[in-house]
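For reference, the chains in residue letters:
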Amino acid sequence: MIDLRQLSKIYRTDRVETAALTNINLKVAAGEFVTIMGSSGCGKSTLLNIIGLLDAPAAGEYHFNGKALHGLSEKEKTAFRTANIGFIFQSFNLIDRLTVTENIALPLYYAGVDAAERKERVAKILAQLNLSHRAAHHPKQLSGGQQQRVAIARALIGKPRLILADEPTGNLDSANGNGVMEMLCDLNDAGTTVIMVTHSQHDAGFSKRIIYMKDGQIVTEKFNRNVSAAL
Ligand code: ADP
Ligand code: ADP
């Protein structure tokens, strides 16, 4: 599904150049659940943001199901992202002045789905995530675990083929964190590809493959359980 070739990213500020990623080669097949680990500053978020088309590489190629994404215009990237990718962040990134329903409906709104269908699909996913009683609340009125469930609902509402999660349990207690990890596993079991960044060895244990980064490069990888045989 994902094929990154010789990908590099350099951040330039006044005088300083930081090589955030150097010659990254990575293939992720459809249906995988991959964790990216490594110490702070090694390039995990940069890599995830490039995969999510939130950031562009300085050099290299990005192919998604055989389609070259590195040459797309901003407008084409936005369309591709909306149609294919869902994001989950550590800080939930919900919009406080919108209700739970409105937050979840946002990706559908951007995708041009009409109001009646938006309403129906949001009601359905709220029921699935046991959040129907919170539909008219604002994010600040919810517990952290509930906010992350809303954020997951927003990531899933467009039925993306790929979910990108950056420290999804970072702001949650262990019970809510495990709830989020179980949701990601269920989604993955249903066929959605998941790529997650985490510092948590415990969370990484839910995934099928762990990639370790150091100084902007992939240094090693490990397969969990017996899934390597299936790939
Ligand atoms: P990680 O997610 O592994 O903590 P990042 O991908 O956030 O690492 O950062 C990789 C490197 O790029 C770090 O050295 C970081 O300081 C640098 N970096 C990240 N974002 C920027 C930016 N916007 N401007 C300059 N340097 C940045
Ligand atoms: P958690 O331990 O999961 O973080 P909280 O102690 O924050 O839970 O909240 C407990 C319950 O009270 C949750 O169901 C949450 O939705 C509700 N709640 C918390 N803050 C508010 C608020 N400001 N308005 C309405 N409900 C709230």
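From a predicted model like this one, the values you see are computed outputs, not experimental measurements. (Residues numbered from 1 in each chain as written. Chains lettered and ligands numbered in written order. Predicted model: local features only at pLDDT ≥ 70, side-chain atom pairs only at ≥ 80, totals over all residues. Heavy atoms only, no water.)

This paragraph deals with the site of ligand 2. In the vicinity of ligand 2, the contacting residues are Arg134, Gln141, Leu142, Ser143, Gly144, Gln146 and Asn176. Separating an oxygen atom of ligand 2 from a side-chain N or O atom of glutamine 146 is a distance of 2.4 Å. The fraction of the free accessible surface of ligand 2 (550 Å²) that becomes covered by protein chains is 40%. (Near = heavy atom within 4 Å. Polar contact = N/O pair within 3.5 Å; in protein donor to acceptor, adjacent residues only side chain to side chain. Areas by Shrake-Rupley, 256 points an atom, 1.4 Å probe, with all protein chains shown as cover.)

With respect to spatial proximity, the complete set of residues near ligand 1 consists of Tyr11, Thr18, Ala20, Ser39, Ser40, Gly41, Cys42, Gly43, Lys44, Ser45 and Thr46. One of the backbone nitrogen or oxygen atoms of glycine 43 is found 3.0 Å away from an oxygen atom of ligand 1. One of the side-chain N or O atoms of lysine 44 is found 2.8 Å from an oxygen atom in ligand 1. Protein chains bury 61% of the 560 Å² of accessible surface belonging to ligand 1 in isolation. Among the elements that take part in the shell around ligand 1, helix H1 (residues 44-51) stands out by supplying three residues, more than any other. Each residue belonging to the shell around ligand 1 can be placed in one class, and the counts come to three nonpolar, seven polar and one charged. (Helix = DSSP H or I, 4+ residues; strand = E, 2+ residues; numbered from the N terminus. Nonpolar A, V, L, I, M, F, W, Y, C, P; charged D, E, K, R; others polar.)

Moving on, we come to the sheet that holds strand E4 (residues 59-64). Spatial strand order, E2-E1-E4-E5: four strands in an open sheet with antiparallel pairing. The sheet is open, and its two borders are formed by strand E2 (17-28) and strand E5 (67-68), each paired with just one other strand. H1 rests against strand E1 (2-12), E2 and E4 of the sheet, and its axis sits at about 120 degrees to E1. (Pairing = 2+ DSSP bridges. Contact = heavy atoms within 4.5 Å. Axes fitted to C-alpha atoms, helices over the stretch in contact; angles between N-to-C directions.)

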